[in-house]
Amino acid sequence: MLLFGAVAARADEGMWLPALISQRIDAMGQMGCRLSAEDIYSINQASLKDAVVLFGGGCTGELVSDRGLLLTNHHCGYSYIQRHSSVEHDYLKDGFWAGSPEEELPNPGLTVRFLDRMEDVTALMLRGYEPSMSEEQRDSVVEANSASLIRSIENPAEGIRASVEALYYANQYYLFVYRVFSDVRLVGAPPSSIGKFGGDTDNWMWPRHTGDFSVFRIYATPDGKPAAYSPSNVPYRPRKHFRISTAGVREGDFTFVYGCPGSTREYVHSEEVRYIGEVSDPQKIALRTLRLDIQKKYMSQSQAVRIQYSAKNASVANAWKKWQGESKGIARLGAVAAKQEYERRFEKWAEGTSYEGLLPRIKEIHQRREPSYLAYEYLNETVRSIEILRFASEVRNALERGRSTEGITAQFFKDYCQSIDEETFVAIMEAFGKGVPAGLLPRCYTDKLARFGSVEAWKKYVFKKSVFTNPAKVKALGEKDLKRLGKDPALEMWDAFQAWFEQDLRPVIAQTGKELKSAMREYMRGQMEFEPSKAFYPDANLTLRVAYGKVSGYRPVDAVWYNPVSTLKGIIEKDNPDIFDYNIPQVLRDIYEAGGVEDQSVCFLATNHTSGGNSGSPVINADGDLIGINFDRVWEGTMSDLVFDPDYCRNISIDIRYLLFIIERIGGAGWLLEEMDFVPAGSGTVLAANQ
Ligand code: ARG
Ligand code: ASP
């Protein structure tokens, strides 16, 4: 039985290309799926793919009405909700609900894209390529071929965009044709005490009770074409939208996730896994702990600072916590040793073939790369994370391009707390001196320390002397000041470290990167030949994928079993007016008091293989109806970007019935439910009221 369980669960690993889903549809059917491959992806008829979008630059969203209504996560809409917020209208804190379409809020810069079609264009991309060519020559052949293909397809006026993506380390190329819409309006969001309930304390964890959703609407021209924001645009009528199932989820139910995972590295060498789990993650965690502690101190003292730093803090904290789970997971699984064992078998098999010697070569490249790469990661997590420095370089960029700096300056100071930046400077630049590998510590660091005697004194000088701490002075800057600006201590520091990167780090990283790229292409091909009967899914690259599995609990540690469904009862258990992350709105307490809702389900777990970017993805049942919205993974399973473990890897979704409950009973926006389709028919509002 154990053996059977393991084998069955193994089947859940993978994020598959929708166009090839016919190769998986039998396996999906055996797990309970009742859809055909054409239902999921078709270029001849409307299919589920037409109801899924890439939301912004890194989330997923799904259409739930024929009037362009779109659901995604609260944390995906977060920065837009924040931009509409101020202390007087704090939509982050209080939530926002449009009372009618007229009240929906436009979001300049936000786009969503639908996939029209994808197709294998490997032969076309490699036209003119000879095996004797160098890596650079190969790249330029592919680049030229892809540029001309894209040019022949794109039509920006109609929102038609195309891209060619390398899959399997560029052993294959796929064309993706998209329709991009740029008038996307905010319709509603719950208060953060629901949408971010549990905050960073519960983030990446189970049991979870976060109502992590927000609602948007896509607008188009009256004839349904993508267009920039205009009051004359109308709600977009999508080719397909999801029906909503109110039947609920049970352990063992088939479910799949349709979305845009951003980046995974399942086929890398053990050296890379070792570097991530044992070197990179721990160092980055330590650096971010310093930053987070400082932010937390100031955020807890001031409501204004809390709003200013809410989005910044969430994004710093998010990766920080994920890396902890990842690094632990890699260790717990013995992932490095397991890869090494696999590599031993591969090498044995490779003897006498063209793959002989490949693995030692990859290992050597990794070792040559590591110190420089680590220094580069330090640069990102330190100098490039000091807000004033980054801002200074953005202002200069704008001036150089003859653009106005007013907008970026206003935006920057709206969300800037100089005390946080100053303290952060000291903490992370001290850590820089201790952490950058011996021999790589740059002069621009050591000279400054010698000159000022301490990081503290260096910091004082930068903040005292730089113009970039003063909004009025920054606004007064013009092109004529460009020359002199290079001497500003903030820019001078930014430039010096940038030069260090260009001179000392980039050459090594670029050279080893190029070598790795071609070696990994070979290794990927080798792995596929080594295990000819195994189905290989391409690593995630923000293109549309299908992951499938079952609703399932898990065992996080010995003697503990986690049930897969959380309920409102758990929210009340966690509720605590004195703890910011657990202080629910009074109305929710009142509704609970009135009775009858303790079994209202809130979130659920399943075995779908997801990654960053899958946030906001539709979670779909065996009939293709929407049962939830994906938003996270469990902490013990976050190493799934490198190694998937069926015992620990679970995705976390908000139950669609909780979303309906919140919209109707907390948001008072029941009008939105009227445009949705429910199965069983008509069940939407009744359920929300009765459960
Ligand atoms: N962990 C989720 C994902 O990676 C949600 C992140 C947003 N929430 C937060 N508390 N920072 O993006
Ligand atoms: N929370 C992630 C996202 O924003 C999803 C994940 O990493 O599982 O895409």
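Before any of the text, the structure's been laid out above.
What comes next concerns the included structure. (Residues numbered from 1 in each chain as written. Chains lettered and ligands numbered in written order. Predicted model: local features only at pLDDT ≥ 70, side-chain atom pairs only at ≥ 80, totals over all residues. Heavy atoms only, no water.)

**Points about the packing of helix α10 (residues 270-301) against helix α13 (residues 358-381)**
Two elements in contact, α10 and α13, have axes separated by 11 Å at closest approach and are oriented at 10°. It follows that α10 is roughly parallel to α13 by the angle criterion. Contacts between α10 and α13 involve Glu-271, Glu-272, Arg-274, Tyr-275, Val-279, Ser-280, Gln-283, Lys-284, Leu-287, Arg-288 and Arg-291 from the first element and Lys-363, His-366, Gln-367, Glu-370, Tyr-373, Leu-374, Glu-377, Tyr-378 and Glu-381 from the second. Within the contact of α10 with α13, the residues separate by chemical class into six nonpolar, four polar and ten charged. (Axes fitted to C-alpha atoms, helices over the stretch in contact; angles between N-to-C directions. Helix = DSSP H or I, 4+ residues; strand = E, 2+ residues; numbered from the N terminus. Parallel < 35°, antiparallel > 145°, perpendicular 65-115°, else oblique. Contact = heavy atoms within 4.5 Å. Nonpolar A, V, L, I, M, F, W, Y, C, P; charged D, E, K, R; others polar.)

**Quick look at α13**
Across its 24 residues, α13 extends 33 Å between first and last C-alpha, which sits within 8% of the 34 Å expected from 1.5 Å per residue. The sharpest bend along α13 comes to roughly 45°, located at Glu-370, with the proline Pro-371 sitting one to four residues further on. (Expected span 1.5 Å × (residues − 1). Bend = angle between axes of the 7 residues up to and from the residue.)

**What to know about the site of ligand 2**
In the vicinity of ligand 2, the contacting residues are His-75, Trp-204, Ser-611, Gly-612, Gly-613, Asn-614, Ser-615, Phe-631, Asp-632 and Arg-633. At 2.9 Å, a side-chain N or O of His-75 approaches an oxygen atom of ligand 2. Ser-615 has a polar side-chain atom sitting 2.5 Å from an oxygen atom of ligand 2. Counting residues per element, the shell around ligand 2 draws most heavily on strand β18 (residues 626-633), at three residues. A per-class count over the shell around ligand 2 returns two nonpolar, six polar and two charged. (Near = heavy atom within 4 Å. Polar contact = N/O pair within 3.5 Å; in protein donor to acceptor, adjacent residues only side chain to side chain.)

**Describing the site of ligand 1**
Around ligand 1, the neighbouring residues are His-75, Lys-196, Gly-199, Asp-200, Asn-203, Trp-204, Ala-314, Asn-318, Phe-631 and Asp-632. Take Asn-318: an N or O atom from its side chain is 2.9 Å from a nitrogen atom of ligand 1. Asp-632 is positioned such that a nitrogen or oxygen atom in its side chain is 2.7 Å from a nitrogen atom of ligand 1. Alone, ligand 1 offers 340 Å² of accessible surface; in the complex the protein occludes 89% of this. Broken down by secondary-structure element, the contributors of at least two residues to the shell around ligand 1 are α9 (199-202), α11 (303-333) and β18. Here the residues of the shell around ligand 1 are counted per class, giving three nonpolar, four polar and three charged. (Areas by Shrake-Rupley, 256 points an atom, 1.4 Å probe, with all protein chains shown as cover.)

**Quick notes on the nonpolar core**
With 106 residues, the main nonpolar core has Met-28, Phe-55, Phe-256, Tyr-258, Tyr-658 and Ile-663 as its most contacted residues. Among the elements that line this core, the one with the most residues is helix α24 (residues 656-666), at eight residues. When neighbours within four sequence positions are excluded, Phe-256 is seen to be in contact with Met-28, Leu-35, Ile-40, Leu-48, Val-546, Ala-547, Tyr-548, Asn-608, Pro-618, Val-619, Ile-620 and Asn-621. Counting residues in each nonpolar core, the second largest holds 80 residues, with Ile-362, Phe-412, Phe-425 and Tyr-445 among its members. (Core = buried A, V, L, I, M, F, W, Y, C linked by side-chain atoms within 4.5 Å. Buried < 20%, exposed > 50% of the residue type's maximum accessible area, 1.4 Å probe, protein only.)

**So, the state of the cysteines**
Throughout the structure, instances matching the rule amount to one disulfide. Each sulfur of the disulfide joining Cys-59 and Cys-76 lies 2.2 Å from the other. Across the S-S bond linking Cys-59 and Cys-76, the dihedral sits near -75°, which makes this disulfide left-handed. Linking Cys-59 in strand β2 (residues 59-63) with Cys-76 in helix α4 (residues 74-83), this pair joins segments that are 17 residues apart in sequence. (Disulfide = S-S within 2.5 Å.)

**Here we look at unusual backbone geometry**
Cis geometry is found at the peptide bond from Trp-206 to Pro-207, where omega equals 0°. Topologically, Pro-207 is positioned in the loop between α9 and β10 (214-220). Cis geometry is found at the peptide bond from Val-679 to Pro-680, where omega equals -10°. Residue position: Pro-680 is located in the loop between β20 (678-679) and α25 (683-690). Despite not being glycine, Ala-170 has its phi angle at roughly 65°, a positive value. Within the fold, Ala-170 resides in the loop between β7 (160-167) and β8 (172-181). In this model, Ala-559 sits at a positive phi of 75°, which is unusual for a non-glycine residue. Its location among the elements puts Ala-559 in the loop between β14 (545-550) and β15 (565-567). For Ala-559, a relative accessible area of 70% gives the class exposed.

**Looking at the pattern of salt bridges**
What the rule picks out here adds up to 48 salt bridges. With a closest N to O distance of 3.0 Å, Arg-521 and Glu-135 form a salt bridge. With Arg-521 in helix α21 (residues 489-530) and Glu-135 in helix α7 (residues 135-153), the pair connects residues that are 386 residues apart, well separated along the chain. The buried category is assigned to Arg-521, whose relative accessible area is 10%. In this structure, Arg-506 and Glu-502 form a salt bridge, with 2.7 Å as the shortest nitrogen-oxygen distance. In this pair, Arg-506 and Glu-502 are both assigned in helix α21, four residues apart and thus about one turn of the helix distant. One connected set of salt bridges, linked through shared partners, spans Glu-135, Asp-139, Lys-517 and Arg-521. (Salt bridge = Lys/Arg side-chain N within 4 Å of Asp/Glu carboxyl O.)

**Concerning the packing of aromatic side chains**
For the structure on display, the rule yields 43 aromatic pairs. With a centroid separation of 5.6 Å and an interplanar angle of 70°, the aromatic rings of Phe-197 and Tyr-582 are classed as edge-to-face. With Phe-197 in the loop between α8 (192-195) and α9 and Tyr-582 in the loop between α22 (568-574) and α23 (586-594), this residue pair connects regions lying 385 residues apart in the sequence. Judged by relative accessible area, Tyr-582 falls into the buried class, the value being 12%. Look at Phe-254 and Phe-256: their rings are 6.1 Å apart centre to centre, the planes differ by 40°, and that puts the pair in the tilted class. (Phe/Tyr/Trp six-rings, centres within 6.5 Å; stacked < 30°, edge-to-face > 60°.)

**Some points on the environment of Val-257**
Within the secondary structure layout, Val-257 lies in strand β13 (residues 254-259). In contact with Val-257, not counting residues within four places along its chain, are Arg-545, Val-546, Ala-547, Asn-608, Thr-610, Asn-614, Ser-617, Pro-618, Val-619 and Asn-651.

**Structural notes on the pairing of β13**
Counting buried positions along β13 gives six out of six residues, so the element sits mostly inside the fold. By the alternation rule, side chains of β13 split into Phe-254, Phe-256 and Tyr-258 and Thr-255, Val-257 and Gly-259, which are all buried. Strand direction decides the pairing type here: β13 and β14, joined by six bridges, are antiparallel. Looking at β14, one finds that Val-257 is bridged to Ala-547. Pairing analysis gives two bridges linking β13 to strand β17 (residues 618-620), with the strands arranged antiparallel. Within the sheet, the bridge partner assigned to Phe-256 lies in β17 and is Ile-620. (Pairing = 2+ DSSP bridges.)

**A short note on the environment of Glu-278**
Examined against the element boundaries, Glu-278 turns out to sit in helix α10. Look at Glu-278 and you get exposed, because its relative accessible area is 51%. Linking Glu-278 and Ser-327, residues 49 residues apart in sequence, is a C-alpha distance of 6.8 Å.

**Things to note about the side chain of Asp-281**
Within the secondary structure layout, Asp-281 lies in helix α10. When neighbours within four sequence positions are excluded, Asp-281 is seen to be in contact with Ile-276, Trp-323, Glu-326 and Ser-327.

Keep in mind these numbers describe shape, not what the thing actually does.
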